[in-house]
Protein chains: 2
Amino acid sequence: MLIATPQSMHFEEALPLQSGATLRAYDLSYETYGRLNADRSNAVLICHALNASHHVAGVYEGQPKSEGWWDTMIGPGKPVDTNHFFVIGVNNLGSCFGSTGPMQTNPDTGKIYGADFPVVTVQDWVDAQARLMDALGIQTLAAVMGGSLGGMQALSWTLQYPDRVRHAVVVASAPNLTAENIAFNEVARRAIVTDPDFCEGHYAEHGVLPKRGLRIARMIGHITYLSDDVMNEKFGRQLREISQAHPSGYKFSTQDVEFQIESYLRYQGDKFSEYFDANTYLLITRALDYFDPAAAFGGDLSAALKQATAQFLLVSFTTDWRFAPARSREIVKALLDNQIDVSYAEIDAPHGHDAFLLEDPRYLGVVRSYFQSRVAA
Amino acid sequence: MLIATPQSMHFEEALPLQSGATLRAYDLSYETYGRLNADRSNAVLICHALNASHHVAGVYEGQPKSEGWWDTMIGPGKPVDTNHFFVIGVNNLGSCFGSTGPMQTNPDTGKIYGADFPVVTVQDWVDAQARLMDALGIQTLAAVMGGSLGGMQALSWTLQYPDRVRHAVVVASAPNLTAENIAFNEVARRAIVTDPDFCEGHYAEHGVLPKRGLRIARMIGHITYLSDDVMNEKFGRQLREISQAHPSGYKFSTQDVEFQIESYLRYQGDKFSEYFDANTYLLITRALDYFDPAAAFGGDLSAALKQATAQFLLVSFTTDWRFAPARSREIVKALLDNQIDVSYAEIDAPHGHDAFLLEDPRYLGVVRSYFQSRVAA
């Protein structure tokens, strides 16, 4: 069993952000698994998506249920094999799991940042990650890898630091969000911001938490992570309990839970609202909205990816309607336009966007094979 | 120009509801267009969906912009031609546009019903509509017609009152909701119920309105009414205004509107929260959740539709992911299993679920042809 140990690195040098703002001294939480080899050529950086963290693989000492969020993928003998690779997980700026973010104290005011935490983008995260690589003595990454928003970071690495990345593994991702993607993010943000306990983002000062908004945000998110099919299979129209009062089994209530799917969503919303920070939710969904490397090239993704020199593996999942396979194929096409080496696997998985976190032997096999035959070579 | 005149009918006899509760004396708002013929054989009942009303066609005197919600479909010379048919629009019980609902006074308590209004189902609505037909002297309907939730009512008419319906026109509908459909309804309801101004459904007594919740509910609804494609075409990643402060044009804000799609959704949410009643939203989404004629037959839709004797037209739209064509095809298949006469048109329209309210010549042509060649014959 891989035992993980969270670490933290302090950076004194201010970080200029894409917005024009600057983040003064900051900390990054990270974990590493495996050993950096003598020529420092076996480092793999894992980038996280919305609600994940630097705890990517393994468990914490004495906490057998504390598996990292990509523990199926990363570890000794796993597709990204920590017997061969030195794997780094890092928590992004603006998050709520240890790296500097809105729940921490603003050195300029001595107060908790809250809504004053500057807007951060995928580009900013990659810049911060590059500084962490500097500090760890890693000039070139064997690979940078991520799913969903993490895949956007992997893609951005190849554009911001082309000579520092040999391989990019981009899973269930997209070159930018569609209007529908932005729409779901916006509803979730409005649910949070219009919660009276949001207090314009300074809820910490008021000793409250906008849990109602966070619950709604998470429920919306969950619907978009699952496919219609898997929801029907898992929950269908199943009632949570059969009322004896009526042959239909219904309780005839607008507010009580009737269907299992309602119970599931409420549970997911409640759980999330207990541990996730509302300002972080706003920041991270906005980073998703803003990511669009083609924008500076008049929308021409092929032109945008010209600067990349890494080799790529892209993976998508057929039932993922949040980041549909067609979006991955846009990236594949733009890479091919630039004669960039790219492998692409479209996995016929029923689980929707969530599939990128699940144990599917075909998916894990593709990644294993890529790391063995290409990254390790 | 068709001039519409809203009417109201009072019913003294209590209505037993599917839940076991009873609705005491109640009113139904309705409108009629065209003239009932001598043998009373040309009546067409139109059933409405979530936020519509009895105002189906025409305009109100002196209000040229007050077109009914299906004015493209119904009127003189239109597909459902009021020169030939006597068309009735009726507002459902529990709604907020005139028929007895949660905004009105509970005769038992002398207080506004609010959350005490009983849960009503598609079956109850059809029973109430049948009484209105009795009162109008209509024994048999030439056709009953509706889209979405309205289509569920049309289908239910053929099962509850098989000998009173000659034709059923079921547009963009489904034999029941999927888990995903219920999930979206549930998030919308939770947004309303957890709005502190909901006051357990008795906001009227407290002089407040749960507008925040209604806004979120409507924003979620709107996303599901549109197709991904039409959203990309209409809004894409277009910014509402281009910030001059940064080459990206972004304002870098988590709360301000950046993208046009955000502006559109906020506008729709605001507008809706001004006129729609929160308790009605809960009731109507629950009626959607509960509708499932196959349930009493162990999930066997063919067995459930055995009692139907009407002839059917079903219409669906290729990009409708809320009530996908596959759901309409389930109904078609179950009707065919019973040797029931059914015509089916799947319209290749880009607009998603909203298509059923829009002016598409192929769609309107199919309905026109069906009414001319089948219903009028």
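In this text, all values refer to a predicted model and were calculated from it rather than measured experimentally. (Residues numbered from 1 in each chain as written. Chains lettered and ligands numbered in written order. Predicted model: local features only at pLDDT ≥ 70, side-chain atom pairs only at ≥ 80, totals over all residues. Heavy atoms only, no water.)

## Here we look at the overall build of chain A
Moving on, step 1. Looking only at helices and strands, chain A features 10 helices and 14 strands.
Moving on, step 2. Relative to its length of 377 residues, chain A is compact, with a C-alpha radius of gyration of 21 Å against a globular reference of 21 Å.
Moving on, step 3. In terms of overall dimensions, chain A has C-alpha extents of about 70 × 50 × 50 Å along its principal axes.
Moving on, step 4. Taken across its 377 residues, chain A has 62% of its residues classed as buried.
Moving on, step 5. Restricting to contacts in chain A with at least 6 residues of sequence separation, those with at least 24 account for 70%.
Moving on, step 6. When the accessible surface of chain A is summed, it comes to about 13,800 Å², and 49% of that surface belongs to carbon and sulfur atoms.
Moving on, step 7. The centroid of the 30 positive side-chain charges in chain A is displaced by 1 Å from the centroid of its 43 negative side-chain charges. (Helix = DSSP H or I, 4+ residues; strand = E, 2+ residues; numbered from the N terminus. Rg over C-alpha atoms; globule rule 2.2 N^0.38 Å. Buried < 20%, exposed > 50% of the residue type's maximum accessible area, 1.4 Å probe, protein only. Contact = heavy atoms within 4.5 Å. Areas by Shrake-Rupley, 256 points an atom, 1.4 Å probe, with all protein chains shown as cover. Lys, Arg positive; Asp, Glu negative; His and termini not counted. Charge placed at Lys NZ, Arg CZ, Asp CG, Glu CD.)

## Here's the deal with the pairing of strand β10 (residues 86-90) of chain A
Residues and elements named next belong to chain A.
Moving on, step 1. Counting buried positions over the 5 residues of β10 gives 5, a clear majority of the element.
Moving on, step 2. The alternating pattern of β10 places Phe 86, Ile 88 and Val 90 on one face and Val 87 and Gly 89 on the opposite face, and all of these are buried.
Moving on, step 3. In terms of strand pairing, strand β5 (residues 26-33) meets β10 through 4 bridges, oriented antiparallel. Considered in β10, the bridge of Tyr 30 is made with Val 90.
Moving on, step 4. Direction of pairing for strand β6 (residues 43-47) relative to β10: parallel, over a ladder of 4 bridges. Counterpart to Ile 46 in the pairing with β10 is Gly 89. (Pairing = 2+ DSSP bridges.)

## Considerations on the sheet that holds strand β2 (residues 7-11) of chain B
Across a sheet, strands are paired by hydrogen bonds formed along the backbone, either parallel or antiparallel in direction.
All names here are of chain B.
Moving on, step 1. On the basis of which strands lie adjacent, the open sheet formed by 8 strands has the order β2-β5-β10-β6-β11-β12-β13-β14 and mixed pairing. Among the strands making up the open sheet, the edge pair consists of β2 and β14 (342-347). Each strand of the sheet is rotated relative to its neighbour by a mean of 20 degrees, with strand direction disregarded.
Moving on, step 2. Along the sheet, helix α2 (residues 149-160) contacts β6 (43-47), β11 (141-147), β12 (165-171) and β13 (311-317); its crossing angle with β11, the most-contacted strand, is approximately 145 degrees. (Axes fitted to C-alpha atoms, helices over the stretch in contact; angles between N-to-C directions.)

## Description of the state of the cysteines
All names here are of chain A.
Moving on, step 1. With the rule as written, the count across this model stands at 0 disulfides over all chains.
Moving on, step 2. Free cysteine Cys 96: the closest other cysteine sulfur is in Cys 47, separated by 17 Å.
Moving on, step 3. A relative accessible area of 15% places Cys 96 in the buried class. (Disulfide = S-S within 2.5 Å.)

## Comments concerning the pattern of salt bridges
Moving on, step 1. In total, this model carries 42 salt bridges over all chains according to the counting rule given.
Moving on, step 2. One salt bridge in this structure joins Arg 237 of chain A and Asp 292 of chain B, with 3.1 Å as the shortest N-O distance. Taken as a pair, Arg 237 of chain A in the loop between α5 (228-234) and α6 (260-275) and Asp 292 of chain B in the loop between α8 (278-290) and α9 (301-304) lie in two separate chains rather than in one. For the pair shown, Arg 237 of chain A and Asp 292 of chain B are each scored as buried.
Moving on, step 3. Among the salt bridges present, the one from Arg 189 of chain B reaches Glu 186 of chain B, with a minimum N-O distance of 3.3 Å. Here Arg 189 of chain B and its partner Glu 186 of chain B are both found in helix α3 (residues 179-193), 3 residues apart, which amounts to about one turn of the helix. (Salt bridge = Lys/Arg side-chain N within 4 Å of Asp/Glu carboxyl O.)

## Section: the relation of the copies chain A and chain B
Moving on, step 1. Least-squares fitting of chain A to chain B yields an RMSD of 0.0 Å, with the transformation described by 0.0 Å of translation along the axis and a rotation of 180 degrees. Such values leave the two copies arranged in the relation of a two-fold axis.
Moving on, step 2. Both copies present the same face, since 100% of the interface residues in chain A are matched by interface residues at the equivalent positions in chain B. (Least-squares fit on C-alpha atoms with pLDDT ≥ 70 in both.)

## Thoughts on the nonpolar core
Moving on, step 1. One finds Trp 70, Phe 312 and Tyr 363 of chain A together with Trp 70, Phe 312 and Tyr 363 of chain B to be the most contacted residues of the largest nonpolar core, which totals 271 residues.
Moving on, step 2. Filtering out sequence-adjacent residues up to four positions away, Phe 312 of chain A remains in contact with Leu 155, Thr 158, Ala 168, Val 170, Leu 335, Ile 340, Asp 341, Val 342, Ser 343 and Tyr 370 of chain A. (Core = buried A, V, L, I, M, F, W, Y, C linked by side-chain atoms within 4.5 Å.)

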